[in-house]
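One-letter residues, chain by chain:
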Amino acid sequence: MRKAFIVSPNTDARHYLDPEFGGGRHDYRRDAAIGDRFVKGATLDGYFGLHYEAPIDFVRAAPTEMIISSHRQLEFDFGFGLIGGFGLTSRSFKNLYRKLESTGNQFIDIEYTIDKRGKEFDKKYCLMNVTRVLNAVDIDRSNVELRETQMPMGGIMKSMRVNRPFHVVLRRDIVGSFHLWHGSIEDLYKVFVSEELKELIEQNGLKKLDYTEVDVI
């Protein structure tokens, strides 16, 4: 892999999905260990926000309906999920990705796609939880700035900002043969895809992502 791409739904509101969700049990919560944290009253949103795979009882509480505002939105394959950010894809995308990686990351199928009057459509979608988290930015080769922020409750939060001109290099030894991952909170906190997955998306006419190319060395 020589290149990878930062991806997000197209910034034009006419070209991405930002639907409502219904059904399921949005109020479902229980105490749970999420990674190395013990969370009182954990929710499905919490697993997505921390990039850990949700256990089956949380998956069963997921929305069963995706409610679109207009039929035109069915043209699009990407959008915003439960907690905002890139977290919604068509099942077509999931199937393409699974051709490259049979395991890794979590997709939760949404059973129904309907409009506000309850009319059902054949095109189906899923929530995407990118659980593969990497610190792949090569700091010495990239035009980035590391920041430390003192948190109100104590501790320091580390983050990364890209300077201008934009130049980001990822480490090949960390990216390896992965095709879909998320940068950690201390890295570039973005969704990344491989060049091969990008080609599959474009060859199959899936709409509509914005891409920012980065080098992999």
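Our subject is the structure that appears above.
So, here's what we can say about the structure. No experiment lies behind these values; they were computed from the predicted model shown.

### Focus: the side chain of Lys124
Alright, step 1. Tracing the backbone through its elements, the reader meets Lys124 in the loop between strand S10 (120-121) and strand S11 (125-129).
Alright, step 2. One polar contact links the side chain of Lys124 to the main-chain carbonyl oxygen of Phe121, over a distance of 3.0 Å.
Alright, step 3. For Lys124, the contacting residues outside a window of four places in its chain are Ser90, Arg91, Ile110, Glu111, Tyr112 and Thr113.

### What to know about the packing of aromatic side chains
Alright, step 1. Summed over the entire model, instances satisfying the criterion amount to nine aromatic pairs.
Alright, step 2. A centroid spacing of 5.3 Å and a plane angle of 75° characterise the contact between Tyr28 and Phe58, whose relative ring orientation is edge-to-face. Of this pair, Tyr28 sits in the loop between strand S2 (20-22) and strand S3 (30-34) while Phe58 sits in helix H2 (residues 56-60), and the two are 30 residues apart along the sequence.
Alright, step 3. On the numbers, 5.8 Å between centres and 75° between planes, the contact of Phe78 with Phe86 is edge-to-face.
Alright, step 4. Taking the relative accessible area as the measure of exposure, Phe78 reaches 0% and is therefore buried.
Alright, step 5. On the accessibility criterion, Phe86 (14% relative accessible area) is buried.

### Some remarks on the sheet that holds strand S12 (residues 133-134)
Alright, step 1. With mixed pairing, the six strands of this open sheet are ordered in space as S12-S16-S17-S1-S18-S15. Each end of this open sheet is capped by a strand with a single partner; those strands are S12 and strand S15 (169-170).
Alright, step 2. Two elements, S12 and strand S16 (residues 180-183), share two bridges in a ladder whose sense is parallel. Counted as the bridge partner of Val133 is His182 from S16.
Alright, step 3. Where helix H5 (residues 195-203) meets the sheet, it contacts strand S1 (3-9), S16, strand S17 (191-194) and strand S18 (209-216), and its direction lies at approximately 85° from that of S17.

### Digging into the pattern of salt bridges
Alright, step 1. The full count for this structure, using the stated rule, is 16 salt bridges.
Alright, step 2. Among the salt bridges present, the one from Glu145 reaches Arg161, with a minimum N-O distance of 3.0 Å. Of this pair, Glu145 sits in strand S13 (residues 144-150) while Arg161 sits in strand S14 (residues 156-162), placing them 16 residues apart in sequence.
Alright, step 3. Among the residues examined, Glu145 registers a relative accessible area of 29% and is labelled partly exposed.
Alright, step 4. Among the residues examined, Arg161 registers a relative accessible area of 39% and is labelled partly exposed.
Alright, step 5. With its nearest N and O atoms 2.7 Å apart, the salt bridge here joins Arg171 to Asp173.
Alright, step 6. Among the residues examined, Arg171 registers a relative accessible area of 34% and is labelled partly exposed.
Alright, step 7. Each of the salt bridges in this network shares a partner with another, and the network as a whole consists of Arg91, Lys94 and Asp109.

### Regarding the sheet that holds strand S6 (residues 78-80)
Alright, step 1. The strand order across the open sheet built from four strands is S6-S7-S11-S8, with neighbouring strands paired in antiparallel fashion. The two strands at the open ends of the sheet, each matched to only one other strand, are S6 and strand S8 (106-110). Strand-to-strand, the axes of this sheet are offset by a mean angle of 30°, without reference to chain direction.
Alright, step 2. Judged from the three bridges that link them, S6 and strand S7 (residues 86-90) form a sheet pairing that is antiparallel. The partner of Gly79 across the bridge, within S7, is Leu88.

### A few points about the side chain of Asp138
Alright, step 1. Mapped onto the fold, Asp138 is located in the loop between S12 and S13.
Alright, step 2. On the basis of relative accessibility, which here comes to 15%, the residue Asp138 falls in the buried class.
Alright, step 3. Residue contacts for Asp138: discarding those within four places in its chain leaves Val169, Leu170 and Arg171.

### Digging into the packing of helix H3 (residues 91-100) against H5
Alright, step 1. Closest axis-to-axis distance for the H3/H5 pair is 10 Å, and the angle between their directions is 140°. Taken together, the axis directions place H3 and H5 in an arrangement best described as oblique. As for the relative orientation of H3 and H5, their crossing is right-handed in sense. Mapping the contact onto sequence places Phe93, Leu96, Tyr97 and Leu100 in H3 and Glu196, Leu197, Leu200 and Ile201 in H5.
Alright, step 2. Across the contact of H3 with H5, the residue classes tally to seven nonpolar, no polar and one charged.

What counts and what doesn't
- Residues numbered from 1 in each chain as written.
- Predicted model: local features only at pLDDT ≥ 70, side-chain atom pairs only at ≥ 80, totals over all residues.
- Heavy atoms only, no water.
- Helix = DSSP H or I, 4+ residues; strand = E, 2+ residues; numbered from the N terminus.
- Polar contact = N/O pair within 3.5 Å; in protein donor to acceptor, adjacent residues only side chain to side chain.
- Contact = heavy atoms within 4.5 Å.
- Phe/Tyr/Trp six-rings, centres within 6.5 Å; stacked < 30°, edge-to-face > 60°.
- Buried < 20%, exposed > 50% of the residue type's maximum accessible area, 1.4 Å probe, protein only.
- Pairing = 2+ DSSP bridges.
- Axes fitted to C-alpha atoms, helices over the stretch in contact; angles between N-to-C directions.
- Salt bridge = Lys/Arg side-chain N within 4 Å of Asp/Glu carboxyl O.
- Parallel < 35°, antiparallel > 145°, perpendicular 65-115°, else oblique.
- Left-handed = near helix turned anticlockwise from the far one by under 90°.
- Nonpolar A, V, L, I, M, F, W, Y, C, P; charged D, E, K, R; others polar.

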